[in-house]
Amino acid sequence: MVNDIAASKTGAFSILTDFYHYIAKHDTDNEWIFLLGGPFIEETDRIQVRVMQEVKKSWMNRLKFDLFTGASYIRALQPDVVFSLQNTVTFGYRGKQVVYVHQPLGFQTVKRFSFLKRSEREYAVYQHLIGAMINASIRKADRVIVQTKWMRDAVIKKAHVSGDKVTQILPDVENLNGFIREGIRKGNQFFFPSGVMIYKNHECILKACTLLNERGFTDFNVLFTIDDMRAVTDYVFDNRYDNISTGGRLTKEEVLDAYNERTLIFPSYIETFGYPLAEARQFGAPILASDCPFCTEVLEGYGQAYYFDPFRAKELADLMQRSIEGTLYSDRNDVAQTKLSEVNQHRDSWAEVLGVVTGVNS
(Lines give C-alpha, C1' and ligand atoms only; values in the text may rest on other atoms or scores of the structure.)
Protein backbone atom coordinates (compact mmCIF):
# COMPACT_ATOMS: atom_id res chain seq x y z
CA MET A 1 0.00 0.00 0.00
CA VAL A 2 1.17 3.52 -0.85
CA ASN A 3 0.02 6.27 1.51
CA ASP A 4 0.32 9.69 -0.12
CA ILE A 5 -2.88 11.52 0.76
CA ALA A 6 -0.95 14.77 1.21
CA ALA A 7 0.44 15.01 -2.33
CA SER A 8 -1.34 17.28 -4.79
CA LYS A 9 1.27 19.64 -6.26
CA THR A 10 4.97 20.50 -6.74
CA GLY A 11 7.75 18.08 -5.87
CA ALA A 12 5.66 15.75 -3.69
CA PHE A 13 3.23 15.18 -6.56
CA SER A 14 6.11 14.48 -8.96
CA ILE A 15 7.47 11.83 -6.60
CA LEU A 16 4.03 10.19 -6.44
CA THR A 17 3.49 10.11 -10.20
CA ASP A 18 7.05 8.99 -10.95
CA PHE A 19 6.71 6.02 -8.57
CA TYR A 20 3.26 5.14 -9.94
CA HIS A 21 4.49 5.14 -13.55
CA TYR A 22 7.46 2.98 -12.62
CA ILE A 23 5.46 0.24 -10.90
CA ALA A 24 2.68 0.39 -13.51
CA LYS A 25 5.25 -0.38 -16.18
CA HIS A 26 7.77 -2.60 -14.40
CA ASP A 27 6.30 -4.33 -11.34
CA THR A 28 4.37 -7.44 -12.35
CA ASP A 29 4.82 -9.30 -9.05
CA ASN A 30 2.74 -7.21 -6.64
CA GLU A 31 -0.70 -5.70 -6.26
CA TRP A 32 -0.93 -2.12 -5.00
CA ILE A 33 -3.43 0.11 -3.24
CA PHE A 34 -2.82 3.89 -3.37
CA LEU A 35 -4.40 6.11 -0.71
CA LEU A 36 -4.57 9.57 -2.30
CA GLY A 37 -6.19 12.95 -1.80
CA GLY A 38 -7.66 12.98 -5.31
CA PRO A 39 -8.07 10.84 -8.47
CA PHE A 40 -4.59 11.64 -9.71
CA ILE A 41 -3.67 8.28 -11.25
CA GLU A 42 -5.47 5.59 -13.21
CA GLU A 43 -6.32 2.17 -11.84
CA THR A 44 -5.01 -0.96 -13.55
CA ASP A 45 -5.60 -4.65 -13.00
CA ARG A 46 -2.86 -4.52 -10.33
CA ILE A 47 -3.32 -0.99 -8.95
CA GLN A 48 -6.30 0.20 -6.91
CA VAL A 49 -6.86 3.86 -6.01
CA ARG A 50 -8.76 4.96 -2.91
CA VAL A 51 -9.47 8.70 -2.82
CA MET A 52 -9.51 10.01 0.75
CA GLN A 53 -11.16 13.39 0.16
CA GLU A 54 -12.30 13.89 3.74
CA VAL A 55 -8.79 13.23 5.06
CA LYS A 56 -7.34 15.69 2.55
CA LYS A 57 -9.77 18.50 3.40
CA SER A 58 -7.86 19.87 6.40
CA TRP A 59 -4.76 19.48 8.53
CA MET A 60 -6.92 18.35 11.43
CA ASN A 61 -8.46 15.57 9.36
CA ARG A 62 -5.07 14.39 8.21
CA LEU A 63 -3.65 14.44 11.74
CA LYS A 64 -6.66 12.48 12.96
CA PHE A 65 -6.09 9.86 10.26
CA ASP A 66 -2.30 9.64 10.77
CA LEU A 67 -2.51 9.49 14.56
CA PHE A 68 -5.76 7.65 15.30
CA THR A 69 -8.17 6.36 12.64
CA GLY A 70 -5.73 5.45 9.88
CA ALA A 71 -4.34 2.40 11.62
CA SER A 72 -7.66 0.54 11.73
CA TYR A 73 -8.50 1.59 8.14
CA ILE A 74 -5.21 0.23 6.82
CA ARG A 75 -5.32 -2.87 9.02
CA ALA A 76 -8.64 -3.87 7.44
CA LEU A 77 -7.01 -3.92 3.99
CA GLN A 78 -4.23 -6.26 5.22
CA PRO A 79 -1.29 -4.91 3.21
CA ASP A 80 2.07 -6.67 3.39
CA VAL A 81 3.87 -3.31 3.56
CA VAL A 82 2.75 0.31 3.89
CA PHE A 83 4.97 2.69 1.91
CA SER A 84 4.52 6.32 2.92
CA LEU A 85 5.55 8.91 0.36
CA GLN A 86 4.47 11.77 2.66
CA ASN A 87 7.31 11.73 5.22
CA THR A 88 5.28 10.23 8.09
CA VAL A 89 4.11 6.76 9.07
CA THR A 90 0.61 5.82 10.23
CA PHE A 91 0.83 5.75 14.01
CA GLY A 92 -0.80 2.84 15.81
CA TYR A 93 -0.43 0.53 12.82
CA ARG A 94 1.74 -2.46 13.78
CA GLY A 95 2.52 -3.83 10.32
CA LYS A 96 5.61 -3.22 8.22
CA GLN A 97 6.17 0.42 7.22
CA VAL A 98 8.69 2.16 4.97
CA VAL A 99 8.82 5.95 4.85
CA TYR A 100 10.27 8.12 2.08
CA VAL A 101 11.54 11.34 3.70
CA HIS A 102 11.86 14.27 1.31
CA GLN A 103 10.89 17.20 3.59
CA PRO A 104 14.16 18.91 4.60
CA LEU A 105 12.85 21.77 6.76
CA GLY A 106 13.22 19.92 10.04
CA PHE A 107 16.73 18.67 9.28
CA GLN A 108 18.51 21.76 7.94
CA THR A 109 20.37 24.01 10.38
CA VAL A 110 20.75 27.11 8.21
CA LYS A 111 17.49 28.81 9.22
CA ARG A 112 15.21 28.63 12.26
CA PHE A 113 11.74 29.82 11.29
CA SER A 114 9.58 31.76 13.75
CA PHE A 115 5.90 31.28 14.64
CA LEU A 116 5.79 35.01 15.49
CA LYS A 117 6.55 36.18 11.95
CA ARG A 118 3.57 35.88 9.62
CA SER A 119 5.73 35.21 6.55
CA GLU A 120 7.52 32.36 8.34
CA ARG A 121 4.64 30.77 10.26
CA GLU A 122 3.86 28.00 7.74
CA TYR A 123 7.53 27.06 7.52
CA ALA A 124 7.81 27.05 11.31
CA VAL A 125 4.96 24.52 11.46
CA TYR A 126 6.81 22.24 9.05
CA GLN A 127 10.15 22.73 10.79
CA HIS A 128 9.06 22.28 14.40
CA LEU A 129 5.66 20.55 14.64
CA ILE A 130 5.57 18.36 11.54
CA GLY A 131 9.31 17.90 11.97
CA ALA A 132 8.66 16.24 15.33
CA MET A 133 6.17 13.86 13.67
CA ILE A 134 8.70 13.03 10.96
CA ASN A 135 11.35 12.25 13.58
CA ALA A 136 8.92 9.96 15.42
CA SER A 137 8.02 8.33 12.10
CA ILE A 138 11.66 7.66 11.31
CA ARG A 139 12.11 5.93 14.65
CA LYS A 140 8.95 3.84 14.17
CA ALA A 141 9.47 2.84 10.51
CA ASP A 142 11.13 -0.42 9.56
CA ARG A 143 13.14 1.34 6.82
CA VAL A 144 13.68 4.96 5.79
CA ILE A 145 14.59 6.20 2.30
CA VAL A 146 16.18 9.60 1.60
CA GLN A 147 17.57 11.15 -1.58
CA THR A 148 20.92 12.60 -0.56
CA LYS A 149 23.88 11.93 1.72
CA TRP A 150 23.40 15.15 3.67
CA MET A 151 19.79 14.15 4.41
CA ARG A 152 20.88 10.67 5.47
CA ASP A 153 23.44 12.11 7.88
CA ALA A 154 20.93 14.65 9.23
CA VAL A 155 18.16 12.04 9.68
CA ILE A 156 20.46 9.68 11.56
CA LYS A 157 21.66 12.50 13.83
CA LYS A 158 18.30 14.20 14.45
CA ALA A 159 16.17 11.07 14.92
CA HIS A 160 18.88 9.09 16.74
CA VAL A 161 18.55 5.98 14.59
CA SER A 162 21.04 3.45 13.27
CA GLY A 163 22.60 4.06 9.89
CA ASP A 164 21.50 0.56 8.83
CA LYS A 165 17.91 1.76 8.90
CA VAL A 166 18.36 4.66 6.47
CA THR A 167 18.99 4.12 2.74
CA GLN A 168 20.11 6.90 0.41
CA ILE A 169 18.84 6.58 -3.17
CA LEU A 170 19.74 9.45 -5.47
CA PRO A 171 16.78 10.47 -7.68
CA ASP A 172 16.94 10.07 -11.44
CA VAL A 173 18.19 13.03 -13.45
CA GLU A 174 17.15 13.21 -17.07
CA ASN A 175 19.98 12.89 -19.60
CA LEU A 176 20.01 16.28 -21.33
CA ASN A 177 23.22 15.88 -23.32
CA GLY A 178 21.35 15.85 -26.61
CA PHE A 179 20.09 19.39 -26.05
CA ILE A 180 23.51 21.05 -25.63
CA ARG A 181 24.28 23.92 -28.02
CA GLU A 182 27.81 25.27 -28.04
CA GLY A 183 29.06 28.82 -28.26
CA ILE A 184 25.98 30.82 -27.30
CA ARG A 185 26.50 31.49 -23.59
CA LYS A 186 26.47 35.13 -22.48
CA GLY A 187 28.15 36.13 -19.23
CA ASN A 188 25.64 38.91 -18.54
CA GLN A 189 22.57 36.62 -18.70
CA PHE A 190 21.47 34.74 -15.55
CA PHE A 191 18.71 32.26 -14.68
CA PHE A 192 16.95 31.13 -11.51
CA PRO A 193 14.20 28.51 -12.05
CA SER A 194 12.10 28.39 -8.90
CA GLY A 195 8.66 28.94 -7.47
CA VAL A 196 7.83 31.41 -4.71
CA MET A 197 8.90 30.16 -1.29
CA ILE A 198 10.76 32.19 1.29
CA TYR A 199 13.74 29.83 1.43
CA LYS A 200 14.22 29.96 -2.33
CA ASN A 201 15.76 33.33 -1.48
CA HIS A 202 14.95 35.47 -4.52
CA GLU A 203 15.66 38.45 -2.30
CA CYS A 204 19.40 37.70 -2.30
CA ILE A 205 19.44 38.07 -6.10
CA LEU A 206 17.42 41.30 -5.93
CA LYS A 207 19.83 42.82 -3.44
CA ALA A 208 22.81 41.69 -5.54
CA CYS A 209 21.26 43.43 -8.55
CA THR A 210 20.96 46.63 -6.55
CA LEU A 211 24.63 46.42 -5.59
CA LEU A 212 25.64 45.85 -9.22
CA ASN A 213 23.61 48.87 -10.33
CA GLU A 214 25.31 50.96 -7.66
CA ARG A 215 28.67 49.83 -9.07
CA GLY A 216 27.62 50.98 -12.53
CA PHE A 217 26.70 47.58 -14.02
CA THR A 218 23.33 47.82 -15.76
CA ASP A 219 23.72 45.71 -18.90
CA PHE A 220 22.65 42.35 -17.53
CA ASN A 221 19.48 40.31 -17.04
CA VAL A 222 18.20 37.72 -14.55
CA LEU A 223 15.31 35.47 -15.64
CA PHE A 224 12.92 34.36 -12.85
CA THR A 225 10.25 31.69 -13.39
CA ILE A 226 7.61 33.59 -11.42
CA ASP A 227 4.64 35.66 -12.55
CA ASP A 228 4.77 38.65 -10.23
CA MET A 229 7.71 40.27 -8.47
CA ARG A 230 5.42 41.31 -5.61
CA ALA A 231 4.97 37.65 -4.68
CA VAL A 232 8.68 37.26 -3.90
CA THR A 233 9.40 39.76 -1.14
CA ASP A 234 8.41 43.15 0.27
CA TYR A 235 11.90 44.27 -0.70
CA VAL A 236 10.71 44.92 -4.26
CA PHE A 237 8.34 47.69 -3.21
CA ASP A 238 11.25 49.99 -2.46
CA ASN A 239 13.33 49.21 -5.52
CA ARG A 240 13.12 49.10 -9.31
CA TYR A 241 14.45 46.05 -11.07
CA ASP A 242 15.03 46.79 -14.73
CA ASN A 243 17.46 43.85 -14.80
CA ILE A 244 14.86 41.23 -13.82
CA SER A 245 12.56 39.35 -16.22
CA THR A 246 9.60 37.37 -14.85
CA GLY A 247 8.93 34.64 -17.37
CA GLY A 248 6.35 32.71 -15.37
CA ARG A 249 6.26 28.95 -15.78
CA LEU A 250 8.57 28.08 -18.69
CA THR A 251 8.25 25.27 -21.21
CA LYS A 252 10.90 22.57 -21.18
CA GLU A 253 12.40 24.06 -24.36
CA GLU A 254 12.68 27.49 -22.73
CA VAL A 255 14.40 25.99 -19.69
CA LEU A 256 16.89 24.16 -21.92
CA ASP A 257 17.57 27.39 -23.84
CA ALA A 258 18.32 29.10 -20.53
CA TYR A 259 20.74 26.35 -19.48
CA ASN A 260 22.53 26.79 -22.81
CA GLU A 261 22.67 30.57 -22.77
CA ARG A 262 22.75 31.71 -19.16
CA THR A 263 24.62 31.33 -15.86
CA LEU A 264 22.53 29.52 -13.25
CA ILE A 265 22.06 31.31 -9.92
CA PHE A 266 20.82 29.09 -7.08
CA PRO A 267 20.49 31.08 -3.83
CA SER A 268 18.09 28.65 -2.12
CA TYR A 269 19.23 27.64 1.35
CA ILE A 270 16.88 24.68 1.89
CA GLU A 271 16.50 21.79 -0.56
CA THR A 272 16.58 18.03 -0.43
CA PHE A 273 18.05 17.69 -3.92
CA GLY A 274 18.49 20.66 -6.26
CA TYR A 275 17.42 19.41 -9.68
CA PRO A 276 18.42 22.61 -11.56
CA LEU A 277 21.98 22.12 -10.26
CA ALA A 278 22.16 18.58 -11.65
CA GLU A 279 20.57 19.67 -14.92
CA ALA A 280 22.65 22.80 -15.54
CA ARG A 281 25.96 21.02 -14.93
CA GLN A 282 25.21 18.73 -17.86
CA PHE A 283 25.44 21.82 -20.07
CA GLY A 284 28.79 22.85 -18.62
CA ALA A 285 26.98 25.94 -17.33
CA PRO A 286 28.63 28.20 -14.76
CA ILE A 287 26.68 27.82 -11.51
CA LEU A 288 26.57 30.38 -8.69
CA ALA A 289 25.23 28.38 -5.74
CA SER A 290 24.57 28.87 -2.06
CA ASP A 291 27.25 27.37 0.14
CA CYS A 292 24.92 24.75 1.63
CA PRO A 293 25.30 20.96 1.93
CA PHE A 294 22.77 20.06 -0.77
CA CYS A 295 24.55 22.29 -3.32
CA THR A 296 28.06 21.11 -2.54
CA GLU A 297 26.87 17.49 -2.70
CA VAL A 298 25.18 17.76 -6.11
CA LEU A 299 28.05 19.88 -7.50
CA GLU A 300 30.91 17.86 -5.97
CA GLY A 301 33.86 17.77 -8.37
CA TYR A 302 32.25 20.21 -10.83
CA GLY A 303 34.74 22.79 -12.08
CA GLN A 304 32.20 25.48 -12.93
CA ALA A 305 30.61 25.80 -9.47
CA TYR A 306 31.10 29.00 -7.45
CA TYR A 307 29.70 29.36 -3.94
CA PHE A 308 28.39 32.29 -1.89
CA ASP A 309 26.79 32.78 1.51
CA PRO A 310 23.03 32.94 0.74
CA PHE A 311 22.59 35.63 3.40
CA ARG A 312 25.36 37.88 2.00
CA ALA A 313 24.19 39.48 -1.25
CA LYS A 314 27.59 41.13 -1.74
CA GLU A 315 29.21 37.72 -2.27
CA LEU A 316 26.71 36.92 -5.02
CA ALA A 317 27.11 40.39 -6.56
CA ASP A 318 30.89 39.85 -6.72
CA LEU A 319 30.44 36.56 -8.61
CA MET A 320 27.85 38.08 -10.97
CA GLN A 321 30.21 40.96 -11.68
CA ARG A 322 32.99 38.53 -12.61
CA SER A 323 30.58 36.73 -14.94
CA ILE A 324 29.54 40.01 -16.59
CA GLU A 325 33.19 41.01 -17.01
CA GLY A 326 34.06 37.61 -18.49
CA THR A 327 36.58 36.68 -15.80
CA LEU A 328 34.52 34.10 -13.89
CA TYR A 329 34.68 30.83 -15.73
CA SER A 330 37.11 28.85 -17.82
CA ASP A 331 36.50 27.28 -21.21
CA ARG A 332 33.40 25.08 -20.90
CA ASN A 333 35.25 22.29 -22.73
CA ASP A 334 37.16 21.74 -19.47
CA VAL A 335 34.05 20.14 -17.99
CA ALA A 336 32.40 18.68 -21.10
CA GLN A 337 33.66 15.13 -20.61
CA THR A 338 32.30 14.40 -17.14
CA LYS A 339 28.81 15.85 -17.03
CA LEU A 340 26.77 12.76 -16.22
CA SER A 341 29.17 10.63 -14.20
CA GLU A 342 29.67 13.49 -11.77
CA VAL A 343 25.97 13.65 -10.88
CA ASN A 344 25.69 9.86 -10.39
CA GLN A 345 23.01 9.70 -13.05
CA HIS A 346 21.14 6.43 -13.36
CA ARG A 347 17.75 5.43 -14.69
CA ASP A 348 16.67 2.88 -12.10
CA SER A 349 16.34 4.68 -8.78
CA TRP A 350 12.72 3.56 -8.43
CA ALA A 351 13.87 -0.03 -8.87
CA GLU A 352 16.10 0.51 -5.84
CA VAL A 353 13.18 2.04 -3.92
CA LEU A 354 10.95 -0.90 -4.84
CA GLY A 355 13.66 -3.26 -3.65
CA VAL A 356 13.74 -1.60 -0.23
CA VAL A 357 9.93 -1.57 0.09
CA THR A 358 9.43 -5.21 -0.87
CA GLY A 359 12.55 -6.28 0.99
CA VAL A 360 11.15 -5.47 4.45
CA ASN A 361 8.57 -8.22 3.94
CA SER A 362 11.10 -10.93 3.06
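The next point concerns the overall build of the protein. Along the backbone of the protein there are 11 helices and 13 strands. In terms of C-alpha radius of gyration, the protein reaches 22 Å, essentially the compact-globule figure of 21 Å for 362 residues. Along the three orthogonal principal directions, the C-alpha set of the protein runs to about 70 × 50 × 35 Å. Residue pairs at least 24 apart in sequence account for 62% of intrachain contacts in the protein once pairs closer than 6 positions are excluded. In the structure as shown, the protein presents an accessible area of about 17,200 Å², 47% of it carried by carbon and sulfur atoms. Placing the 42 positive and 45 negative side-chain charges of the protein at their respective mean positions leaves the two points 7 Å apart.

Right, let's get into the packing of aromatic side chains. Under the counting rule described, the total for this entry stands at 19 aromatic pairs. Ring plane angle 80° and centroid distance 5.5 Å describe the contact between Phe19 and Trp32, whose orientation is recorded as edge-to-face. Taken together, the residues span a long stretch of sequence, with Phe19 in helix H1 (residues 10–26) and Trp32 in strand E2 (residues 32–36) at a distance of 13 residues. Note on accessibility: Phe19 and Trp32 belong to one class, buried. Each residue in the set Phe19, Tyr20, Trp32, Phe34, Phe83, Tyr100 and Trp350 is aromatic and connected to the rest through ring pairs, giving one cluster. A cation sits over an aromatic face here: Lys158 above Phe107, 5.9 Å from the ring centre.

With that settled, the discussion passes to helix H7 (residues 252–261). Note that an α-helix has 3.6 residues per turn; residues three or four places apart therefore point the same way. Those residues of H7 lying buried are Val255, Leu256, Ala258, Tyr259 and Asn260. Taken together, the buried residues of H7 touch strand E8 (189–192) and helix H8 (275–280).

Closest axis-to-axis distance for the H1/helix H11 (residues 349–359) pair is 10 Å, and the angle between their directions is 85°. Comparing their axes, H11 and H1 come out roughly perpendicular. In this structure, H1 contributes Ile15, Asp18, Phe19, Tyr22 and Ile23 to the contact, and H11 contributes Trp350, Ala351, Val353 and Leu354.

Another point: the side chain of Asn87. Summarising the element assignment, Asn87 is placed in the loop between strand E4 (81–84) and strand E5 (96–100). Owing to a relative accessible area of 9%, Asn87 belongs among the buried residues under this scheme. At 2.7 Å, the side chain of Asn87 and the backbone nitrogen of His102 are in polar contact. With near-sequence residues (within four places) excluded, Asn87 lies in contact with Val99, Tyr100, Val101, His102, Gln103, Ile134 and Ser137.

The rules behind these values
- Think of each chain on its own: its residues are numbered from 1, step by step along the sequence as written.
- Totals for whole chains, interfaces and linings use every residue, but because this is a predicted model, local features are given only for residues with pLDDT of at least 70 and side-chain atom pairs only at 80 or more, for both listing and counting.
- Based on all heavy atoms of the structure, the side-chain values leave hydrogens and waters out of the count.
- For helices the rule is a DSSP run of H or I covering at least 4 residues; for strands it is a run of E covering at least 2, with both sets numbered from the N terminus onward.
- Radius of gyration here is computed from C-alpha atoms only, and the compact-globule reference equals 2.2 Å multiplied by the residue count raised to the power 0.38.
- Contact definition: two residues touch when any of their heavy atoms are within 4.5 Å.
- Using a 1.4 Å probe, accessible areas were evaluated by the Shrake-Rupley method; residue-level cover was limited to the displayed protein chains.
- By the counting scheme adopted, Arg and Lys are positive, Glu and Asp are negative, and His together with the chain ends is not counted.
- Note on charges: their place is set at NZ of Lys, CZ of Arg, CG of Asp or CD of Glu.
- Two rings belonging to Phe, Tyr or Trp (six-membered ring only in the last case) form a pair when the distance between their centres is within 6.5 Å. Interplanar angles under 30 degrees mark stacking, angles over 60 mark edge-to-face geometry, and anything in between is tilted.
- Throughout this description, buried means an accessible area under 20% of the type-specific maximum (1.4 Å probe, protein chains only), exposed means over 50%, and partly exposed covers the range between.
- When the NZ atom of lysine or the CZ atom of arginine is within 6 Å of a ring's centre and also within 35 degrees of its normal, the charge is said to sit over that ring.
- Think of each axis as a best-fit line through the C-alpha atoms, taken over the contacting stretch in the case of a helix, with angles from 0 to 180 degrees between the N-to-C directions.
- The labels follow the angle: roughly parallel below 35 degrees, roughly antiparallel above 145, roughly perpendicular from 65 to 115, and oblique for the rest.
- Under this definition, polar contacts are N or O atom pairs within 3.5 Å; protein pairs additionally need one hydrogen-donor-capable and one acceptor-capable atom, and for neighbouring residues in sequence, both atoms have to be side-chain atoms.

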